Amino acid sequence: MSREDCYSMRLALVARFLWLCSVVGLENGLARTPPMGWMPFERFRCVTDCVKFPRDCISESLFMRTADLLVSEGYSAVGYEYLIIDDCWMERQRHEITKELMPDRERFPRGLYFLSDYIHNKGLKFGLYHDIGERTCMHFGPGAKGYYALDAKTFAIWNVDYVKLDGCFIKNINLDIAYPAFGRELNKTGRPMVYSCSWPYYQKHPNYELIKKHCNLWRFADDIRDSFDSVGKTMYNYYKQQNNLTKHAGPGHWNDPDMLVLGNYRLSYDASRLQLAIWAILAAPLIMTNDLQTVRPEIKTLLQNRAIIEVDQDPLGIPGRCVYIAGSFQIWVRPVMPFNNMGAHSYAVAFVNIGNYEPCPLCPQTHEVVLERLGLKNDLGYKVIDLFDSIEDLGLFKPKDTFITRINPSGVTFFKFTAVDMY
Ligand code: GLA
């Protein structure tokens, strides 16, 4: 073979490799840390009557108001950047001739290109909901079935940055084929879009190896509700599958336990702390669902707690797990940065009191644990801070030391154990 032949063969191989990357796997370079943002569904559901409910209906004005508040109230400054439209934004039918999806004319009178521009001008990113099947989950608009390429192109024209693809009405659809196929169409547009899949939620035995190749995040549990019970169920659901779930998550690919319901009606202050702490342990996307205009100040402070957000966004991207569970007491541990100079991790540790301890279910409970039993084995020890009050330094703890904490019912205490260096 001549040098020229050899050179052109190498070029062809490189071109083929690049082509494969662009159309086979996801590797869109996005979501290196779990996405953060806002989505209306749990709070605003599918309210479409803007005459009766002008503040609550799914409309251009809800998203413009929320974009303004994400910035003016300081949420975007701590990382909440994706503003995502959930279900109920569409006209009930596609365009008669072009078959394109259309936003509801009355609720989105200036169209989605206008809204996406507004959101981008605020320095935020724009997300949009769709469904892989015949119709969206609220039976609302048309699903993507039969129109993957067209819908991906339409999303790219609207400058969408994040696609949440649900999985309702999927008769005769093989999700293991359909989700990758839609993802390929997104890739082909050339516009980077985070790809959030509900794929495993709709399957009995999800193939996470496959899912993580094609999606940036995936729902694995029921829709979250605004209650402590629902948060607890989601945690338990994760715990049951954690050997599998922790294996597959990492930079670019995340388990999604659904939205943060903090700031609504039913979570106490302690339960709000609990949801935030555990979502940070899980390396979960932090997607709020609330009315940013009415979030109480103490909940806003929680949502903007930089120390906890830093745990959630830890660059190692190793999701945590529940390492101890007894009655209503649980301990959740996540390895995080920094490593010390001997290669030992630091850790975020959450102590949970689900709140039905006998003999006093509604009292705070004390828990004592020797740290090495949690896997904290750095001989030089750990500097400890309370992540809800990171000003206070709790001192140095060695692996054989006993750590004592007192936890409110339906609550959590949350600490960072930073591995000490050898000098
Ligand atoms: C499903 C999803 C929810 C929401 C609704 C909208 O239930 O799991 O997160 O998107 O559909 O209809």
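The structure displayed is predicted, hence computed values, not measured ones.

Parameters and conventions
- Residues numbered from 1 in each chain as written.
- Predicted model: local features only at pLDDT ≥ 70, side-chain atom pairs only at ≥ 80, totals over all residues.
- Heavy atoms only, no water.
- Pairing = 2+ DSSP bridges.
- Helix = DSSP H or I, 4+ residues; strand = E, 2+ residues; numbered from the N terminus.
- Axes fitted to C-alpha atoms, helices over the stretch in contact; angles between N-to-C directions.
- Contact = heavy atoms within 4.5 Å.
- Buried < 20%, exposed > 50% of the residue type's maximum accessible area, 1.4 Å probe, protein only.
- Disulfide = S-S within 2.5 Å.

## A closer look at the sheet that holds strand β13 (residues 382-386)
Pairing between sheet strands relies on hydrogen bonds along the backbone, with the strands arranged either parallel or antiparallel. As summarised here, the arrangement of the 6 strands in space is β9-β10-β11-β16-β13-β14, forming an open sheet in which the pairing is antiparallel. Edge positions in the sheet fall to β9 (321-326) and β14 (389-397), since each has one partner strand and no second. Geometrically, the sheet is characterised by an average inter-axis angle of 20 degrees between neighbouring strands, direction not taken into account. Packing of helix α8 (residues 228-248) onto the sheet brings it into contact with β9, β10 (329-336) and β11 (346-353), and relative to β9 it is tilted by some 135 degrees. Contacts from helix α9 (residues 269-281) reach β9, β10, β11 and β16 (411-419), with the element oriented near 40 degrees to β16.

## Brief notes about the pairing of strand β12 (residues 365-370)
Two faces belong to every sheet, and in a regular strand the side chains alternate between them. Along β12, the buried face is formed by Gln 365, His 367 and Val 369; none of Thr 366, Glu 368 and Val 370, which line the opposite face, is buried. In this structure, β12 lies alongside strand β15 (residues 402-407), joined through 6 bridges in antiparallel fashion. Bridging across to β15, Gln 365 finds its partner in Ile 407.

## A few points about the state of the cysteines
Applying the stated criterion to the full structure yields 5 disulfides. Disulfide partner of Cys 46: Cys 88, at an S-S distance of 2.0 Å. Between Cys 46 and Cys 88 the disulfide shows an S-S torsion of about -120 degrees. By sign, it is left-handed. Here Cys 46 is found in the loop between α2 (41-44) and α3 (60-72), whereas its partner Cys 88 is found in the loop between β2 (82-85) and α4 (111-121), with 42 residues between them in sequence. Summarising the burial analysis for this pair, Cys 46 and Cys 88 share the class buried. At a sulfur-sulfur separation of 1.6 Å, the disulfide partner of Cys 360 is Cys 363. Of note, the bridge from Cys 360 to Cys 363 carries an S-S torsion of about 50 degrees and is right-handed in sense. Accessibility expressed as a relative area gives 26% for Cys 360, which makes it partly exposed. Judged by its relative accessible area of 24%, Cys 363 falls in the partly exposed class.

## Some words on the pairing of β13
Across 5 bridges, β13 lies against β14 in antiparallel orientation. Following the sheet pairing, Ile 385 is matched in β14 by Asp 393. The antiparallel hairpin formed by β13 and β14 contains 2 residues in its connecting segment. In this structure, β13 lies alongside β16, joined through 5 bridges in antiparallel fashion. Pairing of Tyr 382 across the sheet is with Ala 419, part of β16.

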